[in-house]
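# Fold and geometry: a report
Here are the chains, one letter per residue:
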Amino acid sequence: MIGASGVISGVRVSHSVASVDDIAAASGATQREVVADLTAREGVHEAFCLHTCNRAEAYVVADDPATGRAALESYAEPVENDDAVVRMDHEESLRHLLRVAAGLESIVLGEDQILGQIRSAYEDARGADGLGPMLDDAVLKAIHVGERVRDETDINEGVVSLGSAAANLVAAERDLPESTALVVGAGEMATLAARALADRGVAELVVANRTLPHAEHLVGEVEVDARAVTLAALDSATRDADVVVTATGSDDPVIARTDLDDGRERTVFDLAQPRDVETAARELDAVDVYDLDDLEDVTAETREKRREAAGEVETMVETEFDLLLDQYKRKRADEVIAAMYESAERVKAREVETALAKLDLDDEEREVVESMADSLVGQLLAPPTKSLRDAAAEDDWATINTALQLFDPEFGGSPPAFVGAMTAGDEDVDLPASVVTDDD
């Protein structure tokens, strides 16, 4: 089944099949830039883009699947490893988006951060005029699902973020109460990491950030010995640190191999995408460098604990997915119903005008005739309206085709192309945008 004003196509490059470098290649542009680029392509009506540290995804709405797939090829083109690119059809795109919001596709099963990232991506897409009736419904449904599963299940119990997962890994290797930890960055990921390290009793916490007030704000949130520095002091802060966690938005590494090559034993966790720590740093014997690809093992225990809750969430996602498809069907049926009422209104107006012209009625009598005509139209069309909505829910487009021929003489024996295609069982054809209305 396809949507209300086109068909959705999607593409994703995510941690399940892609490396950090693959994801970085796909997410070179900002979310807004991607949306603006995609909507500028011929045949694309809507677009949405989601970039996080472990996924890069884009979705478009076009009149047909081929147009959507062609538009998304440019998005995936920078990724040299084609095995890292997953292309999705209409229903797979919708189901995947709901699963992402529910935390089922995260490295840390059920993590909370993804929900805020989807909200941010939604605002970016709106700001770039990328959202229309289809993707707006889809993304809002995803956000609703994400909120619901976290309120009604235990999917987010325990480790709920990449930052806390990284802190767990560090705690397994280091005696944190005897360690100095450096967090580079002051955004959401860095904040989660800093809080997690503080909760685990790190002896001293240093936050380095390009903007000092942001670092100072983060320092004020933790209840350990902490101080803030600018990136100008990063070299000296790195030399004094036993643990380094990086999570900046820099396009280039902020910590080079030489910054760590002093023989001091360190645990370094690079949460950034693209990488904050030069790849060559892994060659140092005294330094253990981890990145997002390493989190799969760290989060295995958490996944096991959440498996039962995940089953409940899977069921919830499927229910909400079906409701979303039904929502699209109702919109399609309502537009056909609207066309039926418009046709009836034209006939009613013509016949009432003819009748009134032949009668000598005062204003009150004219109102009675017009009211009677309105009532007749409403009563006559109420049963077929219900039948059409039931037919749409059951994908019975033959009934809708028949209704169009019966109630709208302009359709006659030649129904619109989209109805004929649906009657023939072609699920890759959709209602044109000109026949879409919002729910009543």
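What counts and what doesn't
Residues numbered from 1 in each chain as written. Predicted model: local features only at pLDDT ≥ 70, side-chain atom pairs only at ≥ 80, totals over all residues. Heavy atoms only, no water. Helix = DSSP H or I, 4+ residues; strand = E, 2+ residues; numbered from the N terminus. Buried < 20%, exposed > 50% of the residue type's maximum accessible area, 1.4 Å probe, protein only. Contact = heavy atoms within 4.5 Å. Areas by Shrake-Rupley, 256 points an atom, 1.4 Å probe, with all protein chains shown as cover. Salt bridge = Lys/Arg side-chain N within 4 Å of Asp/Glu carboxyl O. Core = buried A, V, L, I, M, F, W, Y, C linked by side-chain atoms within 4.5 Å. Phe/Tyr/Trp six-rings, centres within 6.5 Å; stacked < 30°, edge-to-face > 60°. Pairing = 2+ DSSP bridges. Axes fitted to C-alpha atoms, helices over the stretch in contact; angles between N-to-C directions. Right-handed = clockwise from strand over helix to strand, strands pointing away. Parallel < 35°, antiparallel > 145°, perpendicular 65-115°, else oblique. Left-handed = near helix turned anticlockwise from the far one by under 90°.

Here the focus is the overall build of the chain. Regarding its fold elements, the chain presents 16 helices and ten strands. Per-residue burial over the chain gives 50% buried out of 440 residues. Considering only intrachain contacts with a sequence separation of at least 6, the fraction spanning at least 24 residues in the chain is 70%. Per element, the accessible surface of the chain, about 19,800 Å² overall, is 46% carbon and sulfur.

Using the criterion set out here, one finds 28 salt bridges in the structure. For Asp-21, the salt bridge is made with Arg-275, and the minimal N-O distance between the two is 3.1 Å. Of the two residues, Asp-21 sits in helix α1 (residues 20–26) while Arg-275 sits in the loop between β9 (266–270) and β10 (287–291), which places them 254 residues apart along the sequence. On the accessibility criterion, Arg-275 (17% relative accessible area) is buried. With a shortest N-O distance of 2.8 Å, Arg-195 and Glu-221 are connected by a salt bridge. Linking Arg-195 in helix α8 (residues 188–199) with Glu-221 in the loop between α9 (212–219) and β7 (225–230), this pair joins segments that are 26 residues apart in sequence. Its relative accessible area of 34% is what places Glu-221 among the partly exposed residues.

Below, the discussion takes up the nonpolar core. If you look at the biggest cluster of nonpolar residues, it comprises 61 residues, and the most contacted ones within it are Ile-8, Val-13, Phe-48, Leu-94 and Ile-118. With 36 residues, the next largest nonpolar core counts Leu-169, Ala-194, Ala-196 and Val-243 among its residues.

Scanning the entire structure with this criterion turns up two aromatic pairs. A ring pair is formed by Phe-269 and Tyr-290, whose centres lie 5.9 Å apart and whose planes are at 20 degrees; its orientation type is stacked. Here Phe-269 is found in strand β9, whereas its partner Tyr-290 is found in strand β10, with 21 residues between them in sequence. Overall, the relative accessible area of 0% leaves Phe-269 in the buried class.

The next thing to look at is the sheet that holds strand β3 (residues 55–62). Judged by pairing direction, the sheet is antiparallel, and its four strands sit side by side in the order β2-β3-β1-β4 without closing on themselves. Whereas interior strands pair on both sides, the edge strands pair on one side only; in this sheet they are β2 (44–52) and β4 (86–88). Each strand of the sheet is rotated relative to its neighbour by a mean of 15 degrees, with strand direction disregarded. Summarising the sheet, strand β1 (residues 7–14) and β3 pair through eight bridges and their orientation is antiparallel. Residue pairing for β3: Ile-8 is matched across the bridge by Val-61. Its contacts with the sheet place helix α4 (residues 90–102) against β1, β2, β3 and β4, and it is angled at close to 50 degrees to β1. Helix α5 (residues 113–127) contacts β2 and β3 of the sheet and is inclined by roughly 145 degrees relative to β2.

Looking at chain direction, strand β6 (residues 204–209) and β7 are connected through six bridges and run parallel. Across the sheet, Val-207 pairs through a bridge with Ala-228, a residue of β7. With respect to chirality, the unit in which β6 leads through α9 into the neighbouring parallel β7 is right-handed.

What describes two packed helices is the angle between their axes and the distance between those same axes. At their nearest, the axes of helix α7 (residues 162–173) and α8 sit 7 Å apart, and the two run at 40 degrees to each other. One finds that α7 runs oblique with respect to α8. The crossing of α7 and α8 is right-handed. The segment α7 lies against α8, with Leu-162, Gly-163, Ser-164 and Ala-167 engaging Met-189, Leu-192, Ala-193, Ala-196 and Leu-197.

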